[in-house]
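Coordinates in review
Take a look at the letters that make up each chain.
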Amino acid sequence: MATIERDKSGKVNLDDTTTIYCSIEHAQSIGDHVEYTLKVQRGLANSDKAWTSKKRYSDFVALDTALSITGITLPLPPKKVFGNFDREFVAERKQGLQQYMNVVLSQPFLSSCVHTKRFLDENNYNLNWQELALQQVAMFFRSEPKWEVVEPLPDIGWRIRKRYFNIRPGELPKERYLLAWVCILIHLIIVCDDNRNMPNIVV
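Each residue is numbered by its place in its chain's sequence as written, counting from 1. Local features are withheld for residues below a pLDDT of 70 in this predicted model, meaning they are given only at 70 or higher, and side-chain atom pairs are given and counted only at 80 or more; totals for whole chains, interfaces and linings count all residues. Values reported for side chains reflect all heavy atoms of the structure, with hydrogen atoms and water molecules removed beforehand.

**Here we look at the overall build of the protein chain**
Numbered from the N terminus, helices here are DSSP runs of H or I no shorter than four residues, and strands are runs of E no shorter than two. When helices and strands are tallied, the protein chain shows five helices and 10 strands. Throughout this description, buried means an accessible area under 20% of the type-specific maximum (1.4 Å probe, protein chains only), exposed means over 50%, and partly exposed covers the range between. Residues counted as buried form 39% of the 203 residues belonging to the protein chain. In the protein chain, the share of contacts with a sequence separation of at least 24, taken over all contacts with a separation of at least 6, comes to 44%. A 1.4 Å probe and the Shrake-Rupley method give the accessible areas. Residues count as covered only by the protein chains that appear here. Split by element, the accessible area of the protein chain, about 12100 Å² in all, is 52% carbon and sulfur. By the convention used here, residues are in contact when the closest approach between their heavy atoms is within 4.5 Å.

**Here's the deal with helix H5 (residues 129-141)**
Note: α-helices contain 3.6 residues per turn, so residues at a spacing of three or four share the same orientation. Taking 1.5 Å per residue as the helical rise, H5 with its 13 residues ought to reach 18 Å, and the 18 Å between its terminal C-alpha atoms agrees with that figure. Of all the positions in H5, only Trp-129, Gln-130, Leu-132, Ala-133, Gln-136, Val-137, Phe-140 and Phe-141 are classed as buried. On an axial view of H5, the arc spanned by its buried residues comes to 160 degrees, and they lie on one face. Take the number of residues in a helix, subtract one, and multiply by 1.5 Å to get its expected span. Note that the arc is defined by the directions from the helix axis to the C-beta atoms.

**A closer look at the nonpolar core**
The nonpolar side chains of soluble globular proteins are, as a tendency, buried together. Counting 24 residues, the largest nonpolar core has Leu-38, Phe-60, Leu-67, Tyr-100, Met-101 and Leu-120 as its most contacted members. Elements represented by at least two residues in this core include exactly strand E3 (20-30), strand E4 (33-42), helix H1 (57-67), helix H2 (87-106) and helix H4 (114-120). Top contributing element to this core by residue count: H2, with six residues. Here Met-101 is in contact with Cys-22, Phe-60, Leu-63, Phe-119 and Leu-120, once residues within four sequence places are set aside. Of all hydrophobic cores here, the second largest spans 16 residues; its members include Val-114, Tyr-125, Phe-140 and Trp-147. Only buried residues count toward a nonpolar core. Its members are Ala, Val, Leu, Ile, Met, Phe, Trp, Tyr and Cys residues joined through side-chain atoms within 4.5 Å.

**As for the sheet that holds E4**
Within the open sheet, the three strands sit side by side as E3-E4-E5. Their pairing is antiparallel. Whereas interior strands pair on both sides, the edge strands pair on one side only; in this sheet they are E3 and strand E5 (50-56). Within the sheet, the average angular offset between the axes of one strand and its neighbour, ignoring direction, is 25 degrees. Structural elements are reduced to axes, namely lines fitted to C-alpha atoms, with helices fitted over the stretch in contact, and the angle between N-to-C directions of any two is expressed from 0 to 180 degrees. Sitting on the sheet, H2 touches E3 and E4, and the angle it makes with E3 is about 160 degrees. Strand pairing is assigned whenever DSSP detects at least two bridges linking the two strands.

**A look at H2**
When the terminal C-alpha atoms of H2 are compared, their 29 Å separation across 20 residues agrees well with the 28 Å that a helix rising 1.5 Å per residue should span. Those residues of H2 that sit buried are Phe-89, Val-90, Arg-93, Gly-96, Leu-97, Gln-98, Tyr-100, Met-101, Val-104 and Leu-105.

**Topic: the confidence of the model for the protein chain**
Confidence scores here are pLDDT values: one per residue, from the predictor, ranging 0 to 100. Per-residue pLDDT for the protein chain has a mean of 79; in total, 78% of the residues score no lower than 70. Across the protein chain, the secondary-structure element scoring lowest on mean pLDDT is strand E1 (residues 3-4), at 40, and the one scoring highest is H1, at 95. Of the regions scoring below 50 in pLDDT, residues 1-12 engages in 21 contacts with residues more than four places distant in sequence or in other chains. Per-residue pLDDT stays below 50 along residues 186-194; that stretch engages in 34 contacts with residues further than four places along the chain or on separate chains.

**Quick notes on the environment of Arg-93**
Assignment of secondary structure puts Arg-93 in helix H2. Distance from Arg-93 to Tyr-57, taken between C-alpha atoms, is 9.1 Å for residues 36 residues apart in sequence. Excluding residues that lie within four positions of it along the chain, Arg-93 makes contacts with Tyr-36, Tyr-57, Pro-77, Pro-78, Lys-79 and Lys-80. Polar contact is the term for a pair of N or O atoms within 3.5 Å; when the atoms are in protein, one must be able to donate a hydrogen and the other to accept it, and sequence-neighboring residues count only if both atoms are side-chain atoms. Engagement of the side chain of Arg-93 in a polar contact is seen with the backbone oxygen of Pro-78, the distance being 3.1 Å.

**Re the pairing of strand E7 (residues 162-169)**
Alignment of strand E6 (residues 147-152) against E7, held across five bridges, turns out to be antiparallel. Across the sheet, residue Pro-152 finds its bridge partner in E7, namely Phe-165. Note: E7 against strand E8 (residues 177-183), six bridges, orientation antiparallel. Along E8, the bridge assignment pairs Phe-165 with Leu-179.

Next up, the structure:
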């Protein structure tokens, strides 16, 4: 079970695997855009653990762009240049965005990834795990001069704190190996192909 630790904050630890539900309650024109109010709830039995989130269509587009790496076709309503504030169009788009979220949340791989979690629960998933993992990987390889990081791989997957990196041995710069790095703040685990005697570490 994966949890987010919150020390001295008074918040209950979160289980990343708990299903999150989302319903778009209403849409309202505000200035030059339409704002959608999302009601989000963690688990069916936790009616007290519900909150609202304000989103624009561009926020859904950003989410869809982030999820596109999976290769899964999602039913995001198309953009429209004119008539964005027509009552019928707003109602139709609201329905389309609800269908889009239903599809995303119905697929465990998509609903559990950090992009979806951050979209629906920004307060609890605002940490940049990619940057943190990269910092820790860089620190680790300072003591392993035979290896170096080539590049971080895209941020996607159901394990929010797990990040992947391309690495290579210094004496064979054309070779590439996959480094899987799990960061949980209080400890770290390195898993890597051991063909080059890459050490596994648990702290």
